[in-house]
Amino acid sequence: MKLRFASFYSQWALLASVVANVPYHEYILAPTSRIVRPVSISQTGGNVENAASLLATDAAGSKNALSSALFTGSGSYITLDFGKNIAGRVSFQVDAVSGSDEAIGFTFTESPSYISAQYCDAVTDGAFDLPQWFNNTKPGRYEAGHDFQRGAFRYLTLVHNSTGTISLSNVTVYWTTSPEMPNPAAYTGYFHTDSEKLNRVWYAGAYTNQICSIDPTTGVALGAPLAGWYYNYTISNGSSVLVDGGKRDRVVWPGDIVISGPSIFVSTYSLEPIRNALDSLFIYQESDGRLPVAGYPLAQLFAWSFTYHCHTLNNVYDYFMFSGDREYLASVWDQYKLGLNYPLQFIDSTGLANVTSSSDWGRGGMGGHNIAANSILCHTLQNALKLAAVMNDTGNTSNWEAAAAGISTAANSLLWDDSVSLYRDNDTIARSSSASSYPQDGNSWAIIAGIADGPRAKAISNSLKERWVRPYGAPAVEAGDTISPFATGFELHAHYIAGNPEFAVDLMEFMWADYMLDNPQMTNSTFIEGYATNGSALYPVYNYDPRVSHAHGWSTAPTSILTLLGGGLTLTSAGGQTWKVAPALGGLKTIQASYATSLGGFTTSWTNSTCGLTGSFVTPKSTMGDLNIPLALGSRKMILEGPQGSQEVELAGLSTASVKGLIGGEYSIAILK
């Protein structure tokens, strides 16, 4: 443990100079201080006086001098608004008390829909959480205990339930999330474009993942009592771990990390929570190779999921690519291989895996020759081949190559339906069936895994777009009347690969910005777990909408996608030793994106105008990479200036401007029409 702590400390030290100069810090939602104060009064009730004294600043914007808010009689309350979703432990000062057995209670909610003086929002189906009470209060300072922090809330209601009076001041919250970061606002990456909607979306995604990075000793909201609720499970080693949601479940779910991990990489580069999450899954690997569907304590029950098993393996690949930590890869390599070989036994004579596990992200119908599960397995095998080359371990690679090729061939032969330009969920479904038979997740993953070739990928992208439900989002038809930001994150990725980045930009603007940020039911700062196709905040996978998490890491795909695919600077080997530049503005006029690894900073900047595309990029000097820019009609010449001088490339008749073998350094590009 000491060695690992030193490793992550060194990582922060290496990046300190990069952090100090990160621009666009005004968009960062994380606080620079862990003591957070409310910014406005949402509402009051009963007999209260001087409620505004509890705010960080007064009406003129000056810092409030300490004074008291007075509560008189039972049921008097003040609802404080922190302006964004936060997390942490409440503390407050009792200045005066009149009466006996005076008590002050606190209720918490992420969404304004559940502001109440009687209850909080919920972490379980069917019942609200009850207030956190401080009974028999006397003058003095009070703070909630370590176990009694709230994992996510924007609104905090203070309620008095006794007949006397109580005066309170200095109500604050100790912001407990991202405990591994000395300064939570010290981002290593940034993003900016001419779309203010996308700027807000990028930073809200980064912030959502900070809310989902928690002290491992405060895990698990599931099963907590309604009264006196608490978080006190230890779910991993280390100082921080990446979980699904801030409020709930507060459990490691590998499917969520497939989305949240890359978004952390391009924003904060705080990799310790990812590493600890992966370790917590491998601890529970079975001797036959099976990995648990989720971390402790659910891992002890050992439900197995074909897809989440593969997601754990893909998270190992991503972590290695982001960190460049070959020592870590070597430490899990035998377990990784054991895990990879386990699902291969389900591949039958069709060439597809016959999935026997129904567990997945909440969709229905998982099983059989399923397109989503097989596409994810194909992608996992492709990643495994790259890792085997790094480890110089080719003993299994011929089998892996054959399995991946067989899945691709069989999926196109058995599951493709030309009548709708989509893959069927499985081969028991007749062609030209209802829309729910053609899943969002499986068709998106077929593009990501390369199962769908160029024309077929384009056709799928077009078909998925036709199903959008404006103004709410892209439906996950495999989960009923559901819009899943998780599944739609894969659709975003698929649109970029298919050559339709403008579809992804449009979808991010109306689904993530207009609805998931600006809808009055939302937090305006973090992203909801899922919701219904009619726009209600009920996630149809559950039966109780107060339970829905409004800070869920699996909903943050735009943060990584805008940087890596929009800004177009991706890593092709661990840590960015090699890279590829391939911007896709998708109708945007400008994009600036930057992130850092242990090798240094990676930055792109692009401007698209009627005259053509101009831009620049910077990569560490010790690296190498390729340039691969899709061309608009009429492009005639590219001028590239960099460390090796200036060169002109004639583009007449080309669809892509390509230059191989560029050394790391600073480059400028102009593509002229």
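Residues numbered from 1 in each chain as written. Predicted model: local features only at pLDDT ≥ 70, side-chain atom pairs only at ≥ 80, totals over all residues. Heavy atoms only, no water.

Student: Got a minute to help me understand the confidence of the model for the chain in this structure?
Tutor: Low pLDDT means the predicted atomic positions in that stretch should not be read closely. On average, residues of the chain score 93 in pLDDT, and 95% of them are at 70 or above. A low-confidence stretch, residues 1-10 (pLDDT under 50), is modelled with nine contacts involving residues beyond four sequence positions or located in other chains. Of the regions scoring below 50 in pLDDT, residues 12-19 engages in 15 contacts with residues more than four places distant in sequence or in other chains. (pLDDT = per-residue confidence, 0-100. Contact = heavy atoms within 4.5 Å.)

Student: Is there a simple way to explain helix α14 (residues 557-566) in this structure?
Tutor: An α-helical turn contains 3.6 residues, so any two residues separated by three or four positions project in the same direction. Most of α14 sits out of view: nine of its ten residues are buried. Every buried residue of α14 is listed here: A557, P558, T559, S560, I561, L562, T563, L564 and G566. Remark: G568 follows α14 within two positions and exhibits a positive phi of approximately 75°. (Buried < 20%, exposed > 50% of the residue type's maximum accessible area, 1.4 Å probe, protein only. Helix = DSSP H or I, 4+ residues; strand = E, 2+ residues; numbered from the N terminus.)

Student: Any chance you could explain the sheet that holds strand β24 (residues 656-663) here in plain terms?
Tutor: Note: strands within a sheet are paired through backbone hydrogen bonds, in either parallel or antiparallel orientation. Ordered by their spatial adjacency, four strands build an open sheet running β16-β17-β21-β24, and the pairing between neighbours is mixed. With partners counted over all chains shown, the strands left at the sheet margins are β16 (569-571) and β24, one partner each. Taken pair by pair, the neighbouring strands of this sheet meet at an average axis angle of 20°, ignoring direction. Pairing geometry for β16 and strand β17 (residues 578-581), over three bridges, is antiparallel. By the bridge assignment, L569 is partnered in β17 with V581. (Pairing = 2+ DSSP bridges. Axes fitted to C-alpha atoms, helices over the stretch in contact; angles between N-to-C directions.)

Student: Explain the pattern of salt bridges to me, please; I cannot follow it from the model alone.
Tutor: Pairs can form between side chains of opposite charge whenever their charged atoms are close. Under the definition given, this model contains 23 salt bridges. For R363, the salt bridge identified is with D360, shortest N-O distance 3.7 Å. Comparing R363 with D360, the two get one shared label, buried. One salt-bridge network, held together by shared partners, links E110, D121, D129, R150 and K247. (Salt bridge = Lys/Arg side-chain N within 4 Å of Asp/Glu carboxyl O.)

Student: What is the right way to look at the packing of helix α4 (residues 272-282) against helix α6 (residues 306-323) in this model?
Tutor: Packed helix pairs are characterised by how far apart their axes lie and by the angle those axes make with each other. Between α4 and α6, the shortest axis-to-axis distance is 11 Å and the interhelical angle comes to 145°. The handedness of the crossing between α4 and α6 is left-handed. Between α4 and α6, the contacting residues are I274, R275, L278, L281 and F282 on the first element and T312, N315, V316 and Y319 on the second. Residue composition of the contact of α4 with α6, grouped by class: six nonpolar, two polar and one charged. (Left-handed = near helix turned anticlockwise from the far one by under 90°. Nonpolar A, V, L, I, M, F, W, Y, C, P; charged D, E, K, R; others polar.)

Student: Would you mind going over helix α12 (residues 485-497) with me for this structure?
Tutor: A rise of 1.5 Å per residue sets the reference length of α12, with its 13 residues, at 18 Å; its end C-alpha atoms lie 18 Å apart and thus fit the reference within 8%. Within α12, eleven of the 13 residues are buried, which leaves the element mostly enclosed by the surrounding structure. Those residues of α12 that sit buried are P485, F486, A487, T488, G489, F490, E491, L492, A494, H495 and Y496. Two residues or fewer after α12 comes G499, characterised by a positive phi angle close to 85°. (Expected span 1.5 Å × (residues − 1).)

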